[in-house]
Number of protein chains: 2
Amino acid sequence: MKNKMLKSCVVLGGGGFLGLNLCRRLAASGVRVRAFGRRSLFPEFLKEVEWYQGNFSDPSAVASAIESFDVIFHLIHDSTPQSATLDMIGDVEHNLVPTLSLIKIAREVGSPRIIFISSGGTVYGQVTQIPTPETAPTDPITAYGVSKLAIEKYLNLAERLYGLEHRVLRLTNPFGPFQVALKNQGLIAAAISRALSDQTIEIWGDGTVVRDFLFVDDTIDALIAAANHEGKSRVFNIGSGQGRRVIDVVAAIEHVLNRKLKIRCDPQRPIDVPTSIVSIDRARNELGWSPKISFESGLQKTIEWWRTHEAKISHIKNGKF
Amino acid sequence: MKNKMLKSCVVLGGGGFLGLNLCRRLAASGVRVRAFGRRSLFPEFLKEVEWYQGNFSDPSAVASAIESFDVIFHLIHDSTPQSATLDMIGDVEHNLVPTLSLIKIAREVGSPRIIFISSGGTVYGQVTQIPTPETAPTDPITAYGVSKLAIEKYLNLAERLYGLEHRVLRLTNPFGPFQVALKNQGLIAAAISRALSDQTIEIWGDGTVVRDFLFVDDTIDALIAAANHEGKSRVFNIGSGQGRRVIDVVAAIEHVLNRKLKIRCDPQRPIDVPTSIVSIDRARNELGWSPKISFESGLQKTIEWWRTHEAKISHIKNGKF
């Protein structure tokens, strides 16, 4: 995916999994990149990038960070589907409200484009159409999905009322290097982490839940395509377009690691939909984007990365960074 | 509309236009009614009702007010489409967050049913289908519509996760006695008020905007039907199912008053959709509800009410109550 227009950008959440991958890619292609976030887990991998320490809930920090960049990538969501549902008000206060504040600030600094990462796995809720297109009903069964959806609607409104451009990527389950499952998010990272330290992998339900996994390099391609997009659509599903059962993902990890993993099945959670696969036709047609890396190859690259950086990762996971 | 099951209820926003009408109707039919709100404009009309003074943004006031009633009618929205759009964060903090708090409290006191008044005129945004069914896309063009929609989604989630029952009524433009246009909301009340005091009526655009007006007695019927409903649907459009241009409404008022009104056309606002008419087939079929009072008859009753209570109303509008 070529970057045609983007000259400078700020990445909110630049120290996290997607942020790190995005910042590195953009910086390598000559874009001026500022990464904003509370902490950078791998600062040695962000040398070409300006690091801006700040809390997304602090409007003055956000205001001084975003300046006049071409694009604001908004990758921050300070909750998980589970934590948001346990504390709906906290989720609103830490994610929705600061995003409304960001919209206000972005208007004031002269309307750059905002690229927002929404959630392909949660905004639709219980779906009747699989793969699910962007036009499907949106009835989330987690508070995380509701606040993501509300942010989408406010961005749509801000573009209509104030000309503040935006694109929404409803992303499925990204995986790859720099995902270290600190909040136990990301099945593949969590499973690799447990496997390498010989711990038991806990899964919700019997492992037949189906998810759509996308390698991070393809995800970054989609983010850059959205930053360059000039068409009319504003919301794009981004996934592999294919479903995999959780047990099959674990089996694939066992295959690459060449060893049997310890698995424990916990009761199914009411916040998990049985199947999540998004239709990526719109992204293919309108962003000119498509996934390039097979699941197996992505998994291989991810495990290689873990093996190379095991010492560093275990430092991070032990809180020593 | 017969009330079959409801024995006791609390009406959040019981001192306002819809709340007053609802409380009076329920109390007259023998239901134990508590009205909760910041102020009651017409306390002499709420004599059969227990008045509970409190601020919806104060969780402890809400918690002590709601107790163990059969039904909570949630009629509070502390903003208008215009004010919410000017202060999106304030709208979230004063409406969405206290509603999440209400959900939490309602769970704790043993899951009564919540009946929530949503907005048929704003949740859909720019529609392609007129009359608009409940299944149409929801892309609001006002922040008011976004927060109403977000509340709908959280109520849906709360029922799924915690069994907290709810019904959502996407109401169009109710009018009738006790609507006094204090915040300049409600075209008919505002126009009657201006006409009776010989002031100019300001309308947005050229008056060709089409809205769906419903007499308040029919609206209250729908609220009671929703409180008694036992079917599967959770969201119902409530309107007359018919559209009227703003200029035609003004002409109808002129006709009843038998005098020419002074009108000023201000520029069209970007937050106003050109046409809002909802399909009420679902409410007809599943709630067994339908509007009974013609627009003309409702208007006649409304103007009679204004004439009877003119002194009191002008006291209220001058802040003397």
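The structure under discussion appears in the preceding block.
Overview of the structure. (Residues numbered from 1 in each chain as written. Chains lettered and ligands numbered in written order. Predicted model: local features only at pLDDT ≥ 70, side-chain atom pairs only at ≥ 80, totals over all residues. Heavy atoms only, no water.)

### Some thoughts on the overall build of chain A
And step 1. From N to C terminus, chain A includes eleven helices and 13 strands.
And step 2. Since a compact globule built from 321 residues should have a radius of gyration of about 20 Å, the 19 Å found for chain A is in line with a globular shape.
And step 3. A principal-axis box enclosing the C-alpha atoms of chain A has dimensions of 55 × 45 × 40 Å.
And step 4. The buried share of chain A, reckoned over its 321 residues, is 60%.
And step 5. Across chain A, every contact between residues at least 6 apart in sequence was considered, and the portion connecting residues at least 24 apart equals 79%.
And step 6. Looking at chain A, you have 38 positive and 33 negative side-chain charges, and the mean spots of the two groups are 2 Å apart. (Helix = DSSP H or I, 4+ residues; strand = E, 2+ residues; numbered from the N terminus. Rg over C-alpha atoms; globule rule 2.2 N^0.38 Å. Buried < 20%, exposed > 50% of the residue type's maximum accessible area, 1.4 Å probe, protein only. Contact = heavy atoms within 4.5 Å. Lys, Arg positive; Asp, Glu negative; His and termini not counted. Charge placed at Lys NZ, Arg CZ, Asp CG, Glu CD.)

### Some words on helix H8 (residues 246–257) of chain A
Residues and elements named next belong to chain A.
And step 1. A rise of 1.5 Å per residue sets the reference length of H8, with its twelve residues, at 16 Å; its end C-alpha atoms lie 17 Å apart and thus fit the reference within 8%.
And step 2. Among the residues of H8, those classed as buried are Val246, Val249, Val250, Ala252, Ile253, Glu254, Val256 and Leu257.
And step 3. Buried residues along H8 sit in contact with helix H6 (187–196), strand S8 (201–204), strand S10 (213–215), strand S12 (244–245), strand S13 (263–266) and helix H10 (295–308).
And step 4. Remark: Asn258 follows H8 within two positions and exhibits a positive phi of approximately 60 degrees. (Expected span 1.5 Å × (residues − 1).)

### Thoughts on the sheet that holds strand S6 (residues 166–171) of chain A
All names here are of chain A.
And step 1. Read across the open sheet, the seven strands follow the order S3-S2-S1-S4-S5-S6-S11; overall the sheet is parallel. The open sheet has two edge strands, strand S3 (50–53) and strand S11 (235–238), and neither has a second partner. Each strand of the sheet is rotated relative to its neighbour by a mean of 20 degrees, with strand direction disregarded.
And step 2. Pairing between strand S4 (residues 71–74) and strand S5 (residues 113–119): four bridges, direction parallel. Bridged to His74 within S5 is Phe116.
And step 3. Each of strand S1 (8–12), S4 and S5 is contacted by helix H4 (residues 88–108), which is oriented at about 180 degrees to S4, the strand it contacts most. (Pairing = 2+ DSSP bridges. Axes fitted to C-alpha atoms, helices over the stretch in contact; angles between N-to-C directions.)

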